[in-house]
Amino acid sequence: MITRALFPLDPDVAFLNHGSFGACPHTLLAIQHEWQMVLEREPVAFFHALPARLQQARKALADFVDADPTDLVYVTNSTYGANIMAATMARQLKPGDSVLITDHEYGACVRAWKNHLQGTGIHLKVCHIPMPIPAQADLEDIIWKEVDSSTKAIFISHITSPTACLMPVGGLTSRARQAGIMMLVDGAHALGHLPLSVRDLGVDMYTGNCHKWMCAPKGSALLWVRPDLQPHAFPVITSWGADGLSVGDGAFIDEHEYTGTRDPSPFLTTPATIEWMKEHDWWTTVDRAHAVVCYGMERLMELGLKPMSADWSEQKLLMGTVLLPEEVDGPDLQRRLLSAHNIQVICMQWLDKPLLRFSVHGYTTTEEVHQLLTALKHELML
Ligand SMILES: Cc1ncc(COP(=O)(O)O)c(C=O)c1O
């Protein structure tokens, strides 16, 4: 059973925002610290032994996401993974081609796309997704309608950040494959959140965070690339590549794994993270957390708030999002919930709508959700 006592989280704060930066338990932080001490005791020996250790760590993560260990590398975060996707497309596509995204993508990744495509003549086309967000099948049609002959790639979140909506990645991928369009998926929220087989997903590139729902130490994420695209995956940092130390797992690993001196302890702690998840009966934990999300969503709807997604209850996510009354100032409400009620939750203005997104992890209690409901009744006079 995952409880709050396993985490260094502030006991005075109702923490309903795991979704932003995750949270890491004491046990894994201690293992991370041990790795840092191995490094600091003998830095030269540590970095010489690093490729072999990373090879093992890659194997553990590859097993977890059902992928081949030579098709994925550790990167520090999904932003990094998205930058590699954008830098790669900037070199692979031609002027006049376009990349389709939605207006529910993570802002930093959108900036990365704009930055890398600047001056290439490759366009970023943005599909507008209405709110409340329609059910999966309709959503797939809405996105696919924006595809035209210039569309050469689709970049989409597996679970959207602001609106916590599961995107129809499977359906879009089938259509994209038939049409010869590349699928690039930002799975920042997906690892440990949804059972995931990257192999079965059939996408072209996938990035996702271990430091979010899996609870790994901050700075552990993956980038997976389809084998025949790997030679073209552009490393945003050029380091020693094949001229450096290598375990012979191929040019893709050599080019992307070592980016210069840095602290690789989050990567090396990821296998222990996966073990920790297993010890805590992970998918049962996820089921329980999802039940708390449903409970919270139902109570919020009883207060008159509308769910962000039409089929939220079928999406089995660990975040719930509701639309707030139009006149509410989201960021101001978020500040008041923290300062007056000790509740850490996201309230924001997304496009033209104020919304509230709450997260539930295994350690979240129903009492914390009740605290939020009470505070909202008070603040919004519901
Ligand atoms: C959909 C999505 N993409 C990318 C990111 C960026 O993750 P990171 O800051 O770990 O790079 C986030 C962060 O929450 C996200 O929600």
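Participant: What exactly am I supposed to notice about helix 13 (residues 330-341) here?
Facilitator: Here helix 13 is twelve residues long and its end C-alpha atoms lie 16 Å apart, about the 16 Å a rise of 1.5 Å per residue gives. Three or more residues of helix 13 are buried, namely Gly-330, Leu-333 and Leu-337. Taken end-on, helix 13 shows its buried residues confined to a sector of 55°, consistent with a single buried face. Of the residues in helix 13, the exposed ones pointing more than 90 degrees away from the buried face are Arg-335, Ser-339 and Ala-340. Summarising the contacts, the buried residues of helix 13 are in contact with strand 11 (343-344), strand 12 (346-350), strand 13 (353-359) and helix 14 (366-380). Two residues or fewer past helix 13, Asn-342 is found with a positive phi of approximately 55°.

Participant: I would appreciate a short explanation of the packing of aromatic side chains in the present structure.
Facilitator: Centre-to-centre distance and the angle between the planes together describe a pair of aromatic rings. Applying the stated criterion across every chain, the model contains six aromatic pairs. Ring plane angle 85° and centroid distance 5.3 Å describe the contact between Phe-46 and Phe-47, whose orientation is recorded as edge-to-face. Residue classification places Phe-47 among the buried residues on the basis of a relative accessible area of 17%. Both rings, one in Tyr-74 and one in Phe-267, keep their centres 5.0 Å apart while their planes meet at 25°; by these two values the pair is stacked. Placement of the pair is Tyr-74 in strand 2 (residues 72-75) and Phe-267 in helix 10 (residues 265-268), with a sequence separation of 193 residues. Comparing Tyr-74 with Phe-267, the two get one shared label, buried. Counting every residue linked through ring pairs, the aromatic cluster contains Phe-7, Trp-276, Trp-282 and Tyr-363. The ring of Phe-234 carries Arg-91 above its face, with NZ or CZ at 3.5 Å from the centroid. When the ring centre of Tyr-295 is taken as origin, the NZ or CZ atom of Arg-299, which lies over that ring, is 4.6 Å away.

Participant: Just checking my understanding: could you explain the packing of helix 4 (residues 78-92) against helix 5 (residues 107-117) for this structure?
Facilitator: Axis angle and axis distance: for two packed helices, these are the angle between their axes and the distance between the axes, and together they describe the pair. In the contact formed by helix 4 and helix 5, the axes pass within 9 Å of each other and the chain directions differ by 25°. Compared by their axis directions, helix 4 and helix 5 come out roughly parallel. Judged by the sense of rotation from one axis to the other, the crossing of helix 4 with helix 5 is right-handed. From helix 4, Thr-79, Ala-82, Asn-83, Met-85, Ala-86, Ala-87, Met-89 and Ala-90 reach across to helix 5, where they touch Ala-108, Cys-109, Ala-112, Trp-113, His-116 and Leu-117. A class-by-class count of the residues in the contact of helix 4 with helix 5 yields eleven nonpolar, three polar and no charged.

Participant: Explain the sheet that holds strand 12 here, please?
Facilitator: Sheet strands associate in pairs through backbone hydrogen bonding, adopting either a parallel or an antiparallel arrangement. Reading across the sheet, the four strands line up as 9-10-13-12 and stay open at both edges, with antiparallel pairing between neighbours. Both outer strands of the open sheet, strand 9 (306-307) and strand 12, are each paired with one neighbouring strand and no more. Sheet topology places strand 9 next to strand 10 (residues 319-323); two bridges connect them, and they run antiparallel. In the strand pairing of strand 10, Pro-307 is matched with Val-322. Strands in contact with helix 12 (residues 282-302) are strand 9, strand 10 and strand 13; relative to strand 10, the strand with the most contacts, it is inclined by about 10°. Contacts from helix 13 reach strand 12 and strand 13 within the one sheet, and its direction differs from that of strand 12 by about 170°.

What counts, and where the lines are drawn
- Residues numbered from 1 in each chain as written.
- Predicted model: local features only at pLDDT ≥ 70, side-chain atom pairs only at ≥ 80, totals over all residues.
- Heavy atoms only, no water.
- Helix = DSSP H or I, 4+ residues; strand = E, 2+ residues; numbered from the N terminus.
- Expected span 1.5 Å × (residues − 1).
- Buried < 20%, exposed > 50% of the residue type's maximum accessible area, 1.4 Å probe, protein only.
- Arc of directions from axis to C-beta.
- Contact = heavy atoms within 4.5 Å.
- Phe/Tyr/Trp six-rings, centres within 6.5 Å; stacked < 30°, edge-to-face > 60°.
- Lys NZ or Arg CZ within 6 Å of the ring centre and 35° of its normal.
- Axes fitted to C-alpha atoms, helices over the stretch in contact; angles between N-to-C directions.
- Parallel < 35°, antiparallel > 145°, perpendicular 65-115°, else oblique.
- Left-handed = near helix turned anticlockwise from the far one by under 90°.
- Nonpolar A, V, L, I, M, F, W, Y, C, P; charged D, E, K, R; others polar.
- Pairing = 2+ DSSP bridges.

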